[in-house]
Amino acid sequence: MNILVTGSSGWLGQTLVPRLRRDGHTVVGLDPEPGATTDIVGSVVDRALVRSTIRTRNIEAIVHAAARHKPHIETHDNSEFVAVNVQGTLNLLEEAVEARVSRFVFTSTTSLMISQKIRDGKAGGAREAMWIDETMTSLQPRNIYGVTKLAAEDLCRLFHQLHQLPIVILRTSRFFPEEDDMAHAIRQSGENTKANEFLFRRLSVEDAAEAHVVALQKAPEIGFDTFIVSALTPFSPADGRELIADASSVVARYFPDYRAKYDKHGWTMFDTIDRVYDSNKARHMLGFTCKTNFRQVLDAL
């Protein structure tokens, strides 16, 4: 297929574009920042550029991964988030319908599922970790990033409803390589933090890319749906109270060797885990499971 990938110079795009090309697809990368995986330097906000790219390159499928992300809150105003995350998505959807594109995969985020109350966790009075899956409703994103990504999801739903455009939304958990933007408040190192997160809210960038490959394949038969994409958690909802009170004990029950391995590196587990992302729907309906999970991370230490 001829596939347009937006955000092609980003962390995901750098992995996804070569992955799709290895499968024999012709991939056109679009991004405001030049890069090895970007063919057209420009923004999804530029409607004329989006139109000409889709039509002149005979685009058959779109992966929309371009966005203003949470770290940009410190450097960009709210209108920039609306322009890129909402108007940019609308531009792509309308031009996709006009060009009769066969499928559309939207890279969303689990962040839009986290209200301030969930974010406050134990410090805010929570007595158990929140179990998060796609059945969660009444979403209340806590920042402009989440608000605009949720609005973009609603546009995707509307365009499938009105035009039957096959769309798969992937709510990816964390796969960014940077330090957490709250690193100053976390006593663990960046690598320690990322390892811990594979238990409940992280995946590798390779797995994120592979999820998009599968979503492209399955979109026509699925029609429309939303999936959380994260490393499979070992936990169950029954662990919620203990996770918020004493996460380390829960982890030790599932992974008896973890403390010895962590001790050798001077690593520690989080005292409390306030949420767990459940990616079982993607496993059952997409047939996709992340290859990298906490067991693999632990064994690699």
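Structural data are supplied above this passage.
None of these values were measured; they are calculated from a predicted model.

Caption draft 1: Quick look at the nonpolar core. In terms of nonpolar packing, the biggest core is built from 53 residues, with Leu170, Tyr258 and Phe294 touching the most fellow members. With nine residues, the single largest contributor to this core is helix H7 (residues 205–222). Not counting chain neighbours up to four residues away, the residues in contact with Tyr258 comprise Ser248, Val251, Ala252, Met269, Phe294 and Leu298. The next biggest cluster of nonpolar side chains, apart from the first, holds 27 residues, and it includes Leu30, Ile54, Val101 and Phe106.

Caption draft 2: Summary view of unusual backbone geometry. Located in the positive-phi region is Asn58, a residue other than glycine, with phi close to 50°. Counting through the fold element by element, Asn58 comes out in the loop between helix H2 (47–56) and strand S4 (61–64). The residue Arg100 is not glycine, and still its phi comes out positive at about 55°. For Arg100, the location among the structural elements is in the loop between helix H3 (78–98) and strand S5 (103–109). For Arg100, a relative accessible area of 76% translates into the label exposed.

Caption draft 3: Expanded view of the sheet that holds strand S3 (residues 40–41). Sheet architecture is open: seven strands sit in the order S3-S2-S1-S4-S5-S7-S8, paired in parallel fashion. Pairing within the sheet leaves two strands with one partner each, and these edge strands are S3 and strand S8 (224–229). In this structure, strand S1 (residues 2–6) lies alongside strand S2 (residues 26–31), joined through five bridges in parallel fashion. Bridge assignment links Val5 to a residue of S2, and that residue is Gly29. Contacts from helix H5 (residues 144–163) reach S5, strand S7 (167–172) and S8 within the one sheet, and its direction differs from that of S5 by about 160°.

Caption draft 4: Structural detail: H5. Along its 20 residues, H5 runs 28 Å from first to last C-alpha, staying within 8% of the 28 Å computed at 1.5 Å per residue. The inward-facing, buried residues of H5 contact H3, S5, S7 and S8. Backbone nitrogen of Tyr145 and a side-chain oxygen of the N-cap are separated by 3.2 Å at the start of H5; the cap is Asn143. A positive phi of about 60° marks Gln164, the residue just after H5.

Caption draft 5: How the structure looks around the packing of aromatic side chains. Following the criterion strictly, the structure yields six aromatic pairs and no others. For the pair Phe255 and Phe294, a centre-to-centre distance of 4.9 Å together with 70° between the ring planes defines the contact as edge-to-face. On the criterion of sequence distance, the pair formed by Phe255 in the loop between helix H8 (240–254) and helix H9 (258–265) and Phe294 in helix H11 (residues 294–300) is long-range, its members being 39 residues apart. We classify Phe294 as buried; its relative accessible area is 2%. Taking 5.1 Å as the distance between ring centres and 80° as the angle between the ring planes, the aromatic pair formed by Tyr258 and Tyr262 counts as edge-to-face. Within this pair, Tyr258 and its partner Tyr262 are both found in helix H9, separated by four residues, close to a single helical turn. Taking relative accessible area as the criterion, Tyr262 reaches 1% and is therefore assigned buried. Each member of the aromatic cluster is reached from another via a ring pair, and the members are Phe255, Tyr258, Tyr262, Trp267 and Phe294. Seen from the ring of Phe176, Arg202 lies directly overhead, with NZ or CZ sitting 5.1 Å from the centre. In this structure, Lys281 packs its charged tip against the face of Phe227, placed 5.2 Å from the ring centre.

Caption draft 6: Layout of the pattern of salt bridges. In total, this model carries 20 salt bridges according to the counting rule given. The residue Asp225 makes a salt bridge to Lys281 at a minimum N-O spacing of 2.6 Å. With Asp225 in strand S8 and Lys281 in helix H10 (residues 280–286), this residue pair connects regions lying 56 residues apart in the sequence. Among the charged side chains, a network of salt bridges with common partners joins Arg47, Arg51, Arg55, Glu94 and Glu95.

Caption draft 7: Seen up close, the environment of Val205. For Val205, the location among the structural elements is in helix H7. Val205 sits in the buried class, given a relative accessible area of 7%. When the C-alpha atoms of Val205 and Asn58 are compared, they prove to be 28 Å apart, with 147 residues separating the residues in sequence. With residues up to four places along the chain from it excluded, the contact list for Val205 reads Trp11, Leu12, Thr15 and Phe175.

Caption draft 8: Structural context of the packing of H3 against H5. Where H3 contacts H5, the axes come no closer than 9 Å and their chain directions differ by 15°. In terms of orientation, H3 lies roughly parallel with respect to H5. Classified by chirality, the crossing of H5 by H3 is right-handed. Counting all contacts with H3, which are made through Asn78, Phe81, Val82, Asn85, Val86, Thr89, Leu90, Leu93, Glu94 and Val97, the residues of H5 involved are Ile144, Tyr145, Thr148, Lys149, Ala151, Ala152, Leu155, Cys156, Phe159 and His163. Of the residues belonging to the contact of H3 with H5, the class tally is 13 nonpolar, five polar and two charged.

Rules of the game
Residues numbered from 1 in each chain as written. Predicted model: local features only at pLDDT ≥ 70, side-chain atom pairs only at ≥ 80, totals over all residues. Heavy atoms only, no water. Core = buried A, V, L, I, M, F, W, Y, C linked by side-chain atoms within 4.5 Å. Buried < 20%, exposed > 50% of the residue type's maximum accessible area, 1.4 Å probe, protein only. Helix = DSSP H or I, 4+ residues; strand = E, 2+ residues; numbered from the N terminus. Contact = heavy atoms within 4.5 Å. Pairing = 2+ DSSP bridges. Axes fitted to C-alpha atoms, helices over the stretch in contact; angles between N-to-C directions. Expected span 1.5 Å × (residues − 1). Polar contact = N/O pair within 3.5 Å; in protein donor to acceptor, adjacent residues only side chain to side chain. Phe/Tyr/Trp six-rings, centres within 6.5 Å; stacked < 30°, edge-to-face > 60°. Lys NZ or Arg CZ within 6 Å of the ring centre and 35° of its normal. Salt bridge = Lys/Arg side-chain N within 4 Å of Asp/Glu carboxyl O. Parallel < 35°, antiparallel > 145°, perpendicular 65-115°, else oblique. Left-handed = near helix turned anticlockwise from the far one by under 90°. Nonpolar A, V, L, I, M, F, W, Y, C, P; charged D, E, K, R; others polar.

Keep in mind these numbers describe shape, not what the thing actually does.
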